[in-house]
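Understanding the architecture of this molecule
Chain residues, written in single-letter form:
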Amino acid sequence: MKKRVVLVEPRNNEFEGTDNLSLPASALYLAEFLLNDGYDVKIMDVRLHSKEEIIDVSKDALCVGFKIWTGYPIKSCLEIARSIKENYPNIPLVWGGWHASMEPMQTIQDENVDIVVVGPGEFVFHELIKRLDKRESLKGLKGVVYKDNGSTIHNGIRPDKEADLNKSEMLPYHLVDVERYIEKNGSERAIYYTSSRGCHFGCTFCADEVVYKSRLERSPEKVLKDMEFLINNFNVNTFVLKDTNFFINRKHVKNICQGIVDRGWKIRWSAYIRADQFVRLGDELLTLIRESGCKEINVGAESGSNEVLKLISKGIGVGDIIQCAKLSKRYGIACSFSFMLGLPTIDGRDIPQTFAVIRKIKEINPRNTFNVWFYTPYPATPLFPTAIQYGFKAPKKLEDWADHNTRTEFTWITPEMKKQINKLTFYIKLAYPDENVERAIKKSFIRRIAHKAALFRFRYDFMKAPTNLLWEFYYVVKGHRMILAQD
Ligand code: B12
Ligand code: SF4
């Protein structure tokens, strides 16, 4: 009988429903290695399967694997892991993913964790399963941390290069109900896809380099095969590329885009980039990117303050962000800029500068959108010790990391800073509305005046003026909730 391996995909947050689910990419990548060796792999998604179903399917399993990122997924996995331990105390529970890779020695201390896999799991997990199957010791298996007679053994890191992403012809989509993972919006049928991993620009707030030591890519031929399967069998017409940085290898990008154009696919896609990379793409590649259906590029702009960009070793300047906005206009590719506020040591000096840059990119191309986040410290990142120095109390147990997220209150963020950010976010969304807010503005004369007033404030840097003028007040009362709800 085929031996069973269960992979648990957690919830990302407590409010997550069962619509528009994100595809469990890590489980699919891990599974393909095991299927080749004849294992029976079951991917159990906590958002789709009940706890009872997951426990039931885990009976007699060779092991149960859990994927964790910092935050709610830890809580979601612990809940299942506890029940499995209670019911089947002899089944090894293996934990992997970003958080487990960043905090392996703390993760292994939890009584519901038997083994931790550090870094990309393809090769390590495969070797681990073979050893568990043959009841062999885990001694010397690199990339693994485990418990042995009361002590904890860290076998050291395995070179990422061995995690070959091209072993199988196609990802094993038959293991999941693909239809459930397609986001439907009008005629759009979108799915997440990851074609590469690893980014080595070393930004000090980012954990990428902690988890991925090398660049890993699935070949363009195989990426195109995966896409073809999803287009032909599930009518997918939009690919949301979730590579942390899709644009590192120009050849990879070029071959995928050219492949899409050559096949005549009428699809749309989006991906993540750095501002300086966008600026360096050049006319030929930008034209090809647009022709192949790129609908949006997500730019990690991070800050409108050169002081912050230096602090986080971003390796770009504000000029790159502005240049990027200009190119987005010229090539008709909308950019979604992501900004980060609330860094320790900065005391909010960056807030007006960042909003000034947001104003500029909106003025250059009104179709450009933006997100503003608070900096969240992640363990093992270079900026983490600064956060500690500024009062962040790092959780001492795996379980306590479950409440760590972008809404966490950090000591260096004052109520005044929050108020200022909320106010600026509100006004900028009113001044430079997206499609939804624009529709609402068109419907009301008062809102049109409020919009003009907000625009005036931003254009002429007039934010300190009283905000309780009659018409703005009316808008705040009537439209405030709606505006802030837009992202
Ligand atoms: C898609 C995605 C989402 C989706 C969810 C997708 C899903 N359910 O899979 C959504 C949009 C919901 C989401 C939300 C958020 N995300 Co997100 N997301 C991603 C993204 C872009 C892709 C993940 C992916 O599929 N990767 C491809 C797979 C193949 O790689 P992998 O996950 O690393 O898996 C490998 C290894 O980690 C390991 N492994 C993983 N699981 C397991 C399990 C076992 C048993 C083993 C042995 C090995 C193993 O082996 C795998 C194969 O090599 C990553 C960035 C990235 N490119 O990885 C960020 C990322 C995971 N997200 C991140 C963050 C911060 C968030 C948010 C907090 C963002 C926010 N500001 O609100 C939220 C909240 C999530 C939460 N509560 O934790 C961070 C996590 C950082 C951290 N310390 O954990 C990442 C790394 C982005 C980043 N660079 O900062 N996200
Ligand atoms: S460019 Fe993006 S993915 Fe790469 S290290 Fe910096 S923040 Fe991380």
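So, how was this worked out
Residues numbered from 1 in each chain as written. Chains lettered and ligands numbered in written order. Predicted model: local features only at pLDDT ≥ 70, side-chain atom pairs only at ≥ 80, totals over all residues. Helix = DSSP H or I, 4+ residues; strand = E, 2+ residues; numbered from the N terminus. Rg over C-alpha atoms; globule rule 2.2 N^0.38 Å. Buried ≥ 20, exposed ≤ 12 C-beta atoms within 10 Å, placed from the backbone. Contact = placed C-beta atoms within 7 Å. Domains from an automatic or database assignment. Nonpolar A, V, L, I, M, F, W, Y, C, P; charged D, E, K, R; others polar. Near = placed C-beta within 6 Å. Axes fitted to C-alpha atoms, helices over the stretch in contact; angles between N-to-C directions. Parallel < 35°, antiparallel > 145°, perpendicular 65-115°, else oblique. Left-handed = near helix turned anticlockwise from the far one by under 90°. Pairing = 2+ DSSP bridges. Right-handed = clockwise from strand over helix to strand, strands pointing away.

A few points about the overall build of the protein
Each helix and strand counted, the protein has 19 helices and 16 strands in total. On C-alpha atoms alone, the protein measures out to a radius of gyration of 24 Å, which is about the 23 Å that the 2.2 N^0.38 rule sets for 487 residues. Considered along the principal axes of its C-alpha atoms, the protein spans approximately 75 × 55 × 40 Å. Per-residue burial for the protein yields a buried fraction of 42% across its 487 residues. Nonlocal contacts in the protein, meaning residues at least 24 apart in sequence, comprise 76% of its contacts between residues at least 6 apart.

Let's talk about the domain arrangement of the protein
For the protein, the assigned domains read domain 1 (4-162), domain 2 (182-412) and domain 3 (433-487). A C-alpha centroid distance of 27 Å is found between domain 1 and domain 2. Domain 1 puts 22 residues into the contact, and the matching count from domain 2 is 22 residues. Looking at the side of domain 1 that touches domain 2, the elements that each hand over two or more residues are α3 (72-87), α4 (98-102) and α5 (104-107). The residue makeup of the side of domain 1 that touches domain 2, split by class, is eight nonpolar, nine polar and five charged.

Some details on the site of ligand 1
With respect to spatial proximity, 41 residues lie near ligand 1, and among them Ser22, Ser26, Gly65, Gly96 and Gly121 are the closest. Breaking the shell around ligand 1 down by element, the ones donating at least two residues are α1 (25-35), β3 (63-67), α3, β4 (93-96), α4 and α6 (122-133). Considering every element that reaches the shell around ligand 1, the biggest residue donor is α1, with four residues. Counted by class, the shell around ligand 1 contains 20 nonpolar, 15 polar and six charged residues. Counting contributing residues per domain, the shell around ligand 1 is built from domain 1 (4-162) and domain 2 (182-412), each supplying no fewer than three.

Points about the packing of helix α9 (residues 250-262) against helix α11 (residues 283-291)
Axis separation between α9 and α11 bottoms out at 9 Å; the angle between their running directions is 40 degrees. When the axis of α9 is compared with that of α11, the two are oblique. Pair α9 / α11 crosses with left-handed handedness. Residue-level inspection shows Arg250, Val253, Lys254, Cys257, Gln258 and Val261 of α9 in contact with α11, the latter providing Leu285, Leu288, Ile289 and Glu291. Split into classes, the residues belonging to the contact of α9 with α11 amount to six nonpolar, one polar and three charged.

Observations concerning the sheet that holds β4
Hydrogen bonds between backbone groups are what pair the strands of a sheet, and the pairing can be parallel or antiparallel. Across the sheet, seven strands lie side by side as β2-β1-β3-β4-β5-β6-β7; this open sheet has mixed pairing. Each having just a single partner strand, β2 (40-45) and β7 (151-154) make up the two edges of the open sheet. Within this sheet the neighbouring strands show an average axis-to-axis angle of 20 degrees, counted without direction. Running over the sheet, α6 touches β1 (4-9), β3, β4, β5 (115-117) and β6 (144-148) and is turned about 150 degrees from β5.

Some details on the pairing of β1
Burial within β1 is extensive, with five of its six residues counted as buried. Inspection of the sheet shows β1 paired to β2 by six bridges, in the parallel sense. Note that in β2 the partner of arginine 4 across the bridge is aspartate 40. Of the crossover connections in this fold, the one passing from β1 over α1 to the parallel β2 is right-handed. Sheet topology places β1 next to β3; four bridges connect them, and they run parallel. Along β3, the bridge assignment pairs valine 8 with phenylalanine 66.

Regarding the environment of phenylalanine 374
Inspection of the secondary structure puts phenylalanine 374 in strand β16 (residues 369-374). For phenylalanine 374 and glycine 143, which are 231 residues apart along the polypeptide, the C-alpha to C-alpha distance reads 32 Å. In this structure phenylalanine 374 touches Leu341, Gly342, Thr406 and Ile413, once residues within four positions along its chain are discounted.

Details of unusual backbone geometry
You will see that asparagine 235, though not glycine, has its phi angle at about 55 degrees, which is positive. Turning to its location among the elements, asparagine 235 is positioned in the loop between α8 (220-234) and β12 (238-241). Using a count of 11 C-beta atoms within 10 Å as the deciding quantity, one classes asparagine 235 as exposed. For glutamate 302, which is not a glycine, the phi torsion comes out positive at approximately 70 degrees. Of note, glutamate 302 is situated in strand β14 (residues 294-302).

Quick look at the pairing of β16
Note that strand β15 (residues 334-341) and β16 share six bridges and pair parallel. By the bridge assignment, leucine 341 is partnered in β16 with phenylalanine 374. A crossover links β15 with its parallel partner β16, the connecting element being helix α14 (residues 350-364), and its sense is right-handed.

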